[in-house]
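# A look at the structure
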Amino acid sequence: MSAPRLAGAHYPVAVVGGGQAGLSVSYCLRERGIEHVVVERNRVGHEWRERRWDSFCLVTPNWQCKLPGYPYQGDDPDGFMVRDEIIRYLEGYVAFFQPPLREGVAVTGLRRGAGGVFELSTGEGEFTADQVVVAAGPYHTPSVPRMAERLPAGIEQIHSSRYRNADQLPDGAVLVVGTGQSGCQIAEDLHLAGRQVHLAVGSAPRVARFYRGRDCVAWLDDMGYYGKSIDEFDDAGAVRMRVNHYVTGRDGGRDIDLRAFARDGMRLHGRLTGIGGTDGTRLEFADDLKVNLDRADAVAEGIKDSIDAHITARKIAAPDEPRYIPVWEPSEQAPALDLAAAGITSVVWSTGFTRDHRWVEIPAFDGRGYPMHWRGATSTPGLYFLGLPWQHSWGSGRFEAVGRDAEFLANHIDVSRRMADVCGTLTGAPSELASALPIG
């Protein structure tokens, strides 16, 4: 299949981004017979191939990998794909339905022309489209706090997106900053490699891997948590900003228990609040380690409470299981740590990413730079977003539900196209089309 032409071309729909979101909506558009093009800055699977460490694996079980028309078909549905298997899954999806894909081409500008047609700039020239799906994901630019500039020049610093394995770091202790999923899993990876790890613990929650005979993800799926709409929350804006629970699928899946790491020699600290001293060798921490550990445990136990209630209400036969007992408690913590005294020679910043939609020259964002949308459809007729965390549900940014969101938008695009055939132009905000669209 020849690569689609871009320069000077016009398409009914342009999809920007060839990850799982862009590929999913491409499949759905093809099912509806809608001509389109998918433009990917790098290669399919780039984020997984280039921004994940060697031992990386999914934290959700393989049975949740269900891209449209291409559910997981391997022999380990309850296992967790490792990095290279995820890449092969995406590459297999491309081979399965052969989307109209251009790889290695960056879209550098998106604007709406005078006639309502979208104009897209690329390194290969400009092309136009009647409708556009921005499926470029939410994780664009690695975020590192400005305090990093104060560290001595001899300290090796990398963002979590560049971490691969313990051997790439110089000998000595390692400070990992941040306890979201990446920070906790990288800290574990270093710990298992025999490195002395110092971990600055934030406020991220945790969840048990298994409880009462099943993966907690399976229980939560049965309970409808992954399908619950963002519109059902009173604090939808805050929900969208929540950090995911930390857990791991490594070696068949297990809890990430920071207290157990500490018991076994990892050094835990509160949030990193500053880097002081005349030469930047003093690390300063908040006095919140105990609070952060207790809150993370409370979230995990609260999820178990919900599972217990679900089991009882539905009279499900499930084995009893004793509740978690903390295996370590922090003693009084020093508010500062000297880099040299601790032997720290490197820092891994697991501090997330920022969005970069500067290339989208359309007023579709709120004051925080977050796309304003309803289930991915914006108030600009014909402009959509896909693959955002909590776009519609908890599963939206994952293999589990991105396909449902893609199907919804494909239906929306189809209705808009049909209306344009009648009216001569794309019309109306999402709510005006809602009655014509399927709910699921």
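Residues numbered from 1 in each chain as written. Predicted model: local features only at pLDDT ≥ 70, side-chain atom pairs only at ≥ 80, totals over all residues. Heavy atoms only, no water.

Counting buried positions along strand β2 (residues 36–40) gives five out of five residues, so the element sits mostly inside the fold. Across the two faces of β2 the burial is the same, with His-36, Val-38 and Glu-40 and Val-37 and Val-39 all buried. Crossover strand β1 (residues 10–16) to β2 through helix α1 (residues 20–31) is right-handed. Pairing geometry for β2 and strand β5 (residues 101–103), over three bridges, is parallel. Each bridged residue has a counterpart across the sheet, and for Val-39 the counterpart in β5 is Arg-102. (Buried < 20%, exposed > 50% of the residue type's maximum accessible area, 1.4 Å probe, protein only. Helix = DSSP H or I, 4+ residues; strand = E, 2+ residues; numbered from the N terminus. Right-handed = clockwise from strand over helix to strand, strands pointing away. Pairing = 2+ DSSP bridges.)

This brings us to the confidence of the model for the chain. Taken residue by residue, the chain gives an average pLDDT of 93. The fraction at 70 or more is 95%. In the predicted structure, residues 427–440 sits below a pLDDT of 50 and forms 22 contacts with residues beyond four places in sequence or in another chain. (pLDDT = per-residue confidence, 0-100. Contact = heavy atoms within 4.5 Å.)

Here we come to empty space enclosed by the protein. Within the structure shown, the criterion is met by three cavities of 30 Å³ or more. If you add up the space inside the largest cavity, you get close to 150 Å³. Forming the boundary of the largest cavity are 17 residues, of which Val-207, Val-217, Tyr-226, Val-247 and Arg-398 lie nearest the centre. Examining the composition of the lining of the largest cavity, we find that three residues originate from one element, helix α5 (residues 216–222), more than from any other. Partitioned by chemical class, the residues of the lining of the largest cavity number 10 nonpolar, four polar and three charged. (1 Å grid on protein atoms, 1.4 Å probe; cavity = no way out; pocket = protein on both sides within 12 Å on 5 of 7 lines; lining within 4 Å. Points joined across faces, edges and corners; volume = space filled by probe spheres on them. Nonpolar A, V, L, I, M, F, W, Y, C, P; charged D, E, K, R; others polar.)

The description of two packed helices rests on the angle between their axes and on the distance between the axes. Between α1 and helix α3 (residues 83–97), the shortest axis-to-axis distance is 11 Å and the interhelical angle comes to 20°. Relative to α3, α1 is oriented roughly parallel. Handedness of the crossing formed by α1 with α3: left-handed. Contacts between α1 and α3 involve Gln-20, Leu-23, Ser-24, Ser-26, Tyr-27 and Arg-30 on the former and, on the latter, Leu-90, Tyr-93, Val-94, Phe-96 and Phe-97. Split into classes, the residues belonging to the contact of α1 with α3 amount to seven nonpolar, three polar and one charged. (Axes fitted to C-alpha atoms, helices over the stretch in contact; angles between N-to-C directions. Parallel < 35°, antiparallel > 145°, perpendicular 65-115°, else oblique. Left-handed = near helix turned anticlockwise from the far one by under 90°.)

Summed over the entire model, instances satisfying the criterion amount to 37 salt bridges. Glu-188 is paired through a salt bridge with Arg-254; the nearest N and O atoms lie 2.9 Å apart. In this pair, Glu-188 sits in helix α4 (residues 181–192) while Arg-254 sits in the loop between α6 (236–240) and α7 (258–263), placing the two residues 66 residues apart along the sequence. On the basis of relative accessible area, Arg-254 is assigned to the partly exposed category, the value being 26%. The salt bridge involving Arg-259 is made with Asp-294; its shortest N-O contact spans 2.7 Å. Pair noted here: Arg-259 is in helix α7 and Asp-294 is in helix α8 (residues 289–313), with a separation of 35 residues, a long-range link. (Salt bridge = Lys/Arg side-chain N within 4 Å of Asp/Glu carboxyl O.)

Quick look at the sheet that holds strand β19 (residues 344–349) now. Reading across the sheet, the five strands line up as β10-β19-β11-β12-β15 and stay open at both edges, with parallel pairing between neighbours. Edge strands, defined here as strands with exactly one partner in the open sheet, are β10 (156–159) and β15 (267–269). Taking the axes of each pair of neighbouring strands and ignoring which way they run, one obtains an average angle of 20° across the sheet. Where strand β11 (residues 173–177) meets strand β12 (residues 197–200), four bridges bridge the pair, whose relative direction is parallel. Opposite Val-177, over in β12, you have Ala-200 as the bridge partner. Sitting on the sheet, α4 touches β11, β12 and β19, and the angle it makes with β12 is about 170°.

Turning our eyes to something else, we now look at the sheet that holds strand β16 (residues 272–276). Taken together, three strands build an open sheet; the order of strands is β16-β17-β18 and the sheet is antiparallel. Each end of this open sheet is capped by a strand with a single partner; those strands are β16 and β18 (336–338). Direction aside, the axes of adjacent strands within the sheet are offset by 25° on average. With three bridges connecting them, strand β17 (residues 282–285) and β18 associate as antiparallel partners. Within β18, the residue paired with Glu-284 across the bridge is Ala-336.

What follows covers α3. The terminal C-alpha atoms of α3 lie 22 Å apart, and with 15 residues this matches the ideal 21 Å at 1.5 Å per residue to within 8%. If you check which residues of α3 are buried, you get Arg-83, Ile-86, Ile-87, Tyr-89, Leu-90, Gly-92, Tyr-93, Val-94 and Phe-97. As for α3, its buried residues are in contact with α1, α2 (46–50), β3 (66–67), β4 (70–71) and β5. Where α3 ends, the next residue or the one after it, Gln-98, has phi of about 50°, a positive value. (Expected span 1.5 Å × (residues − 1).)

Further remarks concern the layout of surface pockets. Space inside the second largest pocket adds up to approximately 400 Å³. As for the second largest pocket, its lining consists of 17 residues, and the residues nearest its centre are Arg-242, His-245, Val-299, Trp-390 and Trp-394. Top contributing element to the lining of the second largest pocket by residue count: α8, with four residues. Across the lining of the second largest pocket, the residue classes tally to 10 nonpolar, five polar and two charged.

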